[in-house]
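Below, each chain spelled out in residue letters.
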Amino acid sequence: MITAKMRGAVACAALLLAAACSGSPTASGAPTSKPATSPAATGDTAASDVKTSANVKLVANVPRTAPLDGPRTWNSDLAFQGNYAFVGNFGGFTIYDIADPAHPKTVSQVSCPAEQNDVSVYGDLLILSIDAPRAGETCDAAGATPESPEGWEGLRIFDISDKARPTYVSAVRTDCGSHTHTMVPGKDEDTLYVYVSSPGPEPDSRTCPPPHELIQVVEIPVKDPKSAKVVAKPNIFPEGQDKMNAAGCHDITAYPEKNLAAAACFGDGVLLDISDPVQPKVLQQVRDKENFQIWHSATFNNDATKVVFSDELGGGGMATCDSKTPSTQGANAIYDLKNGKLERRGYYKMPREQQPTENCVAHNGSLLPIAGKDVMVQAWYQGGVSIWDFTDSANPREIGFFERGPFAGEHVLAGSWSAYYYNGYIYSSDIRKGLDVIEIDDPLTDPAKQVKMDDFNVQTQKAY
């Protein structure tokens, strides 16, 4: 999602794309819709408004609860560890027990207001990204104002050894904050590196001064997280950034087992060698000026022979899943990775047209662990959740979906922020509706149910 500090670049790029926004999305491989019968769905949209493909069903829905259920305490990203799901929220985070996926139970909630509170977990540590200045680093700090002393933004670190009682440990200030972050385990198991992606600069900002064509590397000693600090600020743009979107990076996905990372950096996609996590080396920098406005996120396939980059056209607040927007915009681009070079092969966009009031664009997703196949589940805000196959890079196709009807009110930010597959189920963090648990039964995806993960942070891929 786009924050205030990113809106200027988005607006400029939108003007360039407006003339190209005509034509119809390609609607290939759309499964048959049917109402979900699960009584678990609650909230402003009735269960009868939930639609799925014939191979998908809603298993459970857990609505947001106080204090994380206000008009702007939106759910954000997800992480997993054992039988627990961790859901970020603009008001803090929630830990759910998902030992029985049909009946998730709230274990604890932590009030810690900040945007966006994207979350990851590593051992007994939980890390949150903060990308809006606060008056201080602790959870009780108010939002910064123009009259405040120098604001704070960056990473907050918690101890989650007791899931029922998470405790705040420390924080690390980073320039321009942390929009998202990516964990890269060090060679020493007691050292964790975190790549911080933060948009910027803001010329008049105390927390985000120019220039900012870089990422920041934070080192967290696992046994002494209070001593975490920024240890490097590598410039990963040897060719400079696309001048319409020179704002650092939005998201980075690391694949430590392959010594690779793919960075989605607004106007650029960057392939990195992370053999030395503190000094990543640029292997390639690619652009797609015709179709991509905001390079939002990246996903490797399991053998790292492909990378899917997504375009968050309009920053998450626009209705781009309509007949006025081409199927190559607000979509995914599929690149084959051959001989160390990225080569674009095709595009994928969810094929079901949405209403003009529904914000819809490609957002966070993950692989399903299926040997020999490249299948991904992905959130599309009010477009819902799409499960799609890109085994044939040039001809991707949807194989299942879940979505709700339009959220009450026009031009309201709503829908699925993140949708990830974990141990047999899809978990969707819905901005306003809470946590959805979804199941797909299909011959293509059923083998994934045999793969059990100990933990899962989508920005840090592991081989299956």
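Heads up: the structure comes first, above all this text.
Residues numbered from 1 in each chain as written. Predicted model: local features only at pLDDT ≥ 70, side-chain atom pairs only at ≥ 80, totals over all residues. Heavy atoms only, no water.

**Student:** So, the nonpolar core: which residues are in play, and what are the values?
**Tutor:** Counting residues in hydrophobic clusters, the biggest one holds 19 residues, and the most contacted among them are Val377, Ile387 and Ile426. Of all the secondary-structure elements, those providing two or more residues to this core are strand 3 (56–62), strand 25 (375–379), strand 26 (385–389), strand 27 (397–403), strand 28 (416–422) and strand 30 (434–440). Per element, the largest residue contribution to this core is three residues, and it comes from strand 25. By size, the runner-up hydrophobic cluster in this structure holds 18 residues, among which are Val217, Ile252, Ala263 and Cys265. (Core = buried A, V, L, I, M, F, W, Y, C linked by side-chain atoms within 4.5 Å. Buried < 20%, exposed > 50% of the residue type's maximum accessible area, 1.4 Å probe, protein only. Helix = DSSP H or I, 4+ residues; strand = E, 2+ residues; numbered from the N terminus.)

**Student:** Talk me through the state of the cysteines; I want residue IDs and the actual numbers.
**Tutor:** Within this structure, the stated rule accounts for four disulfides. Residue pairing for Cys176: its cysteine sulfur links by disulfide to Cys208, the two sulfurs lying 1.9 Å apart. Because the sign of the S-S torsion sets the handedness, a value of about 90° for the bond joining Cys176 and Cys208 places this disulfide among the right-handed ones. Here Cys208 lies in the loop between strand 13 (191–197) and strand 14 (216–221) and Cys176 lies in the loop between strand 11 (167–173) and strand 12 (180–185), a separation of 32 residues in the sequence. Residue classification places Cys208 among the buried residues on the basis of a relative accessible area of 0%. Across the disulfide from Cys249 sits Cys265; the S-S distance is 2.1 Å. Taking the sign of the torsion about the S-S bond as the criterion, the disulfide between Cys249 and Cys265, at about 70°, is right-handed. Linking Cys249 in the loop between strand 15 (229–232) and strand 16 (251–255) with Cys265 in strand 17 (residues 260–265), this pair joins segments that are 16 residues apart in sequence. Just as Cys249 is buried, Cys265 falls in that class too. Listing the disulfide partners of the protein by sequence rank of the bonded cysteines yields 1-2, 3-4, 5-6, 7-8. (Disulfide = S-S within 2.5 Å.)

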